Amino acid sequence: MDTRHESDRLDPNTPLLNLDGHATHDNYEGRPIHSESKYSGSRFIWALTFSAGLSGLLFGYDTGVISSTLVSIDTDLSNRDLTTLDKSLITSCTSLFALIASPLAGILADKFGRRKVIFVADALFALGAFVQAISNEVWGMIAGRSIVGLAIGGASLVTPLYISELAPSNMRGRLVTILSLFITGGQVVAYVVGWLFSSMHGGWRWIVGLGILPAIFQLIILTALPETPRWLAQAGFESNAIVVLGKVYHGHPDSDYIAKQVLREIQQEVAEEWLVHPDRSPEASQQWIRSILQRTRDLFHIGGNRRALIIAMMLQGSQQLCGFNSLMYFSGLIFSFLSFSSPTLTSLSVAITNFLFTLLAFAYIDRIGRRRILLFSLPIMTISLIACALAFSCVSSDLSSYPQTPAGSSDTATDDPTLPITILLCLTVYTASYAFGLGNVPWQQSELFPLRVRSLGSAFATATNWASNFIVGLTFLPMMELLSPGWTFGTYAVVCAVSWFGVWAIYPEMSGLGLEEVKKLLANDWGVKESLMRTRNNA
């Protein structure tokens, strides 16, 4: 929201600001300027990223915790065993309400700021965990999971946006990947907690209820976190923006110069947007709905924005429709069906693989590049899923009784003891390649959009993620029963193969580009050839 009078609008020739917020005409000509590309970040930006990343821990914990919860509830809800429909609704309602929340969070993030939306998400995380823990009916559990879904929808949109807008361009991939590390770490914690409490009567209440603790912890930390300089500059608070940028680049030999250059780029983008929409008077800026509709039109009608949206939605849809979260939600049931003696502990091995390869992505995403990582990892995912489908074709496809079959019982799904191990290995390789590529790259979506439509574009892309997640959560068990496990995983393999062609055709390399530079890359076409040439020249 722009709070300035028309006479206060920025002109591209507006003087830069000192770190104290006063205008300056400092001249850096004649002296060497150290490049931002070799900057390793200040303590401030690392601490800020880890603090904001706690939203990812909550996100991961609340998505991972449902696997062990479903195999531990027994008859504690509504005094009966959970049906397939119960499990599908309990699982998919989280994604449905995340889908509802993410576009709304994008609108609120533009009006009130990124930090305040994260604050609301934390409050919803705590409330949802509490409602789940005290539930005695299936519908009470669904209500608690729905509240958590609202929190996840807001956090999954705003937190990567928050980190992306604060991060130096050469570190943006790694810093946003830290969020994925927290997500996968939260899933590991969820499986460990599930394993520890799964044998306790009513232990599932502790499993879901412990999600309150990190939510309260981040609520306290948020009081010390700043707003992003890009939102501050857009809202008219340039003096605050330059102070935050000064902290971000603190320790760089030319921190003052680089902070002011970044602010100048932001100011110029805001000024250019005003030139495109000169009718945005102070009175009009208060017409919130009109502003939203105008930004939506800009998102779909301007070619560069539309291309950015198509790329972001393609990646987010692929991330979920490849079926990975079926493992997060139902791995306990899958490994119970395969007669592993401890399904929750077996699921933990998958979660740890996810975390370790996300850590590998953190180390290499800015070196290898987003596009190349996807082009290498998607074929491995495809092959792993095909192998898994073939192995499952040798396993009994009658899943009507497996949720009630005790793990490790003599009533096994197959007489061949090597098949469950083969399926576990295939799923582990699939998880590793997913974590290295598709699990991380789509969350770099904020870098695709110009400032004016960044929040709204990210909201549409995140909504695509949760719509696809909802489809997977709702259909996985019915597909396993109706189509067979082999055809289910074969379907996910087809999605991975199609996604590879989509990445190859339209996804340019974004590594090392400033947020304001990406706008130029997508202005006239998909920018794939130009980005590859730029990458080769910088190699």
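All residue numbers refer to position in the chain's written sequence, counted from 1. This being a predicted model, a pLDDT of at least 70 is required before a residue's local features are given, and a value of 80 or more before pairs of side-chain atoms are given or counted; all residues contribute to the totals for chains, interfaces and linings. Values shown for side chains rest on all heavy atoms present in the structure; no hydrogens or waters enter the calculation.

## Some words on the overall build of the protein chain
Comment: elements are numbered from the N terminus, with helices defined as DSSP H or I runs of at least four residues and strands as E runs of at least two. The helix and strand inventory of the protein chain stands at 22 helices and 2 strands. The buried label applies to any residue whose accessible area, calculated with a 1.4 Å probe on protein chains only, is under 20% of its type's maximum; exposed applies above 50%, and partly exposed to all values in between. For the protein chain, the proportion of its 539 residues judged to be buried stands at 60%. Here a residue-residue contact requires only that any non-hydrogen atoms of the pair lie within 4.5 Å. Taking the intrachain contacts of the protein chain between residues at least 6 apart in sequence as the baseline, contacts between residues at least 24 apart amount to 83%. A total of about 21100 Å² of accessible surface is found on the protein chain, and carbon and sulfur atoms cover 65% of it. What sets the accessible areas is the Shrake-Rupley method with a 1.4 Å probe; for residues, cover comes only from the shown protein chains.

## Details of the packing of helix α2 (residues 54-70) against helix α8 (residues 212-221)
Where α2 contacts α8, the axes come no closer than 10 Å and their chain directions differ by 165°. Here α2 lies roughly antiparallel to α8, going by the angle between them. Like other packed secondary-structure pairs, α2 and α8 cross with a definite hand, here left-handed. Packed against α2, whose contacting residues are L54, S55, L57 and L58, the element α8 presents P214, A215, F217, Q218 and I221 at the interface. Classification convention: Asp, Glu, Lys, Arg as charged; Ala, Val, Leu, Ile, Met, Phe, Trp, Tyr, Cys, Pro as nonpolar; all other residues, Gly among them, as polar. Residues of the contact of α2 with α8, tallied by class, amount to 7 nonpolar, 2 polar and no charged. To obtain an axis, a line is fitted to C-alpha atoms, over the contacting stretch when the element is a helix, and the angle between two such axes runs from 0 to 180 degrees between their N-to-C directions. Under this scheme an angle from 65 to 115 degrees is roughly perpendicular, one under 35 degrees roughly parallel, and one over 145 degrees roughly antiparallel; angles in between are oblique. Take the far helix as your reference; a near helix turned counterclockwise from it by less than a right angle gives a left-handed crossing, and one turned clockwise gives a right-handed crossing.

## Regarding helix α6 (residues 172-197)
In this model, α6 (26 residues) spans 38 Å end to end at C-alpha, consistent with the 38 Å of a helix rising 1.5 Å per residue. Most of α6 sits out of view: 21 of its 26 residues are buried. Here, expected helix span is obtained from the residue count minus one, scaled by 1.5 Å.

## Examining the state of the cysteines
Our working definition of a disulfide is a cysteine sulfur pair at a distance within 2.5 Å. Evaluation of the coordinates by the stated rule reveals 0 disulfides. Unpaired in this structure, C322 has its nearest cysteine sulfur neighbour in C496, at a distance of 4.9 Å. The class for C322 is buried, based on a relative accessible area of 1%.

## Here's the deal with the confidence of the model for the protein chain
Model confidence for the protein chain is summarised by a mean pLDDT of 81, while 84% of its residues fall at 70 or above. On a range of 0 to 100, pLDDT expresses the predictor's confidence in each residue. Confidence over residues 281-285 falls short of pLDDT 50; this stretch has 7 contacts with residues more than four positions distant or in other chains. Long-range and interchain partners of residues 398-412, a stretch whose pLDDT sits below 50, account for 23 contacts in this model, where long-range means more than four residues apart.

## Here we look at the side chain of T91
Mapped onto the fold, T91 is located in helix α3 (residues 84-112). Beyond its immediate chain neighbours, meaning those up to four positions away, T91 contacts I66, L70, Y329 and F330.

## Things to note about the nonpolar core
Nonpolar side chains in soluble globular proteins tend to be buried together. Ranked by size, the top nonpolar core spans 143 residues in total, and within it L338, F392 and F489 carry the most contacts. Among all residues touching F489, those that are not within four sequence positions of it are L385, C388, A389, F392, L427, F476 and M480. Residues belong to one nonpolar core when they are buried, are Ala, Val, Leu, Ile, Met, Phe, Trp, Tyr or Cys, and are joined through side-chain atoms within 4.5 Å.

## Here we look at empty space enclosed by the protein
Both cavities and pockets are sets of points on a 1 Å grid over the protein atoms alone; in a cavity a 1.4 Å probe fits but cannot get out, in a pocket the set is open with protein on both sides within 12 Å along at least five of seven lines, and lining residues sit with an atom within 4 Å of a point. Grid points are joined across faces, edges and corners, and a volume is the space filled by probe spheres set on the points. Tallied over the entire structure, the rule returns 1 cavity of 30 Å³ or more. One number sums up the size of the largest cavity: a volume of about 210 Å³. Lining the largest cavity are 20 residues, with I183, Q187, Y434, G439 and W443 positioned closest to its centre. Those elements giving two or more residues to the lining of the largest cavity turn out to be α2, α6, α14 (303-321), α15 (324-337), α16 (343-368), α18 (418-436) and α19 (451-482). The biggest single contributor to the lining of the largest cavity is α6, with 4 residues.

## Details of the packing of α15 against α16
Where α15 meets α16, the axes come as close as 7 Å, and the angle between the chain directions of the two elements is 155°. Here α15 lies roughly antiparallel to α16, going by the angle between them. Handedness of the crossing formed by α15 with α16: right-handed. Along the contact surface, α15 presents F324, L327, M328, S331, G332, F335 and S336, while α16 presents P343, T346, S347, V350 and N354. The residue makeup of the contact of α15 with α16, split by class, is 6 nonpolar, 6 polar and no charged.

## Quick look at the environment of V503
Within the secondary structure layout, V503 lies in helix α20 (residues 485-506). Placed 188 residues apart in sequence, V503 and L315 show a C-alpha to C-alpha distance of 8.0 Å.

## Regarding the packing of aromatic side chains
Here a pair means two rings of Phe, Tyr or Trp (six-membered ring of Trp) with centres within 6.5 Å. Their orientation is stacked below 30 degrees between planes, edge-to-face above 60, and tilted elsewhere. Applying the stated criterion to the full structure yields 13 aromatic pairs. Consider the rings of F324 and Y434, whose centres lie 3.9 Å apart with planes at 15°: the pair is stacked. Here Y434 lies in helix α18 and F324 lies in helix α15, a separation of 110 residues in the sequence. By relative accessible area, Y434 is classed as buried at 6%.

## A short note on the side chain of R371
With respect to the element layout, R371 can be found in helix α17 (residues 370-392). Positive charge is attributed to Lys and Arg, negative charge to Asp and Glu, and no charge count is given to His or to the chain ends. Put simply, a salt bridge is a Lys or Arg side-chain nitrogen that is within 4 Å of an Asp or Glu carboxyl oxygen. Here R371 is buried and forms no salt bridge, its nearest opposite-charge partner E509 lying at an N-O distance of 6.2 Å. Apart from the residues within four sequence positions on either side, R371 is in contact with V503, W504, Y507, P508, E509, V528 and L532.

## A few points about the environment of G194
In this fold, G194 is placed in helix α6. G194 sits in the buried class, given a relative accessible area of 0%. Sequence separation between G194 and T69 is 125 residues; the distance between their C-alpha atoms is 7.1 Å. Here G194 is in contact with S68, I207 and T344, once residues within four sequence places are set aside.

## Here's the deal with the pattern of salt bridges
Scanning the model with the defined rule gives 10 salt bridges in all. With a closest N to O distance of 3.2 Å, R114 and D110 form a salt bridge. Under the relative-accessibility criterion, D110 is labelled buried at 9%. For the salt bridge of R370 with E447, the shortest nitrogen-to-oxygen distance reads 2.9 Å.

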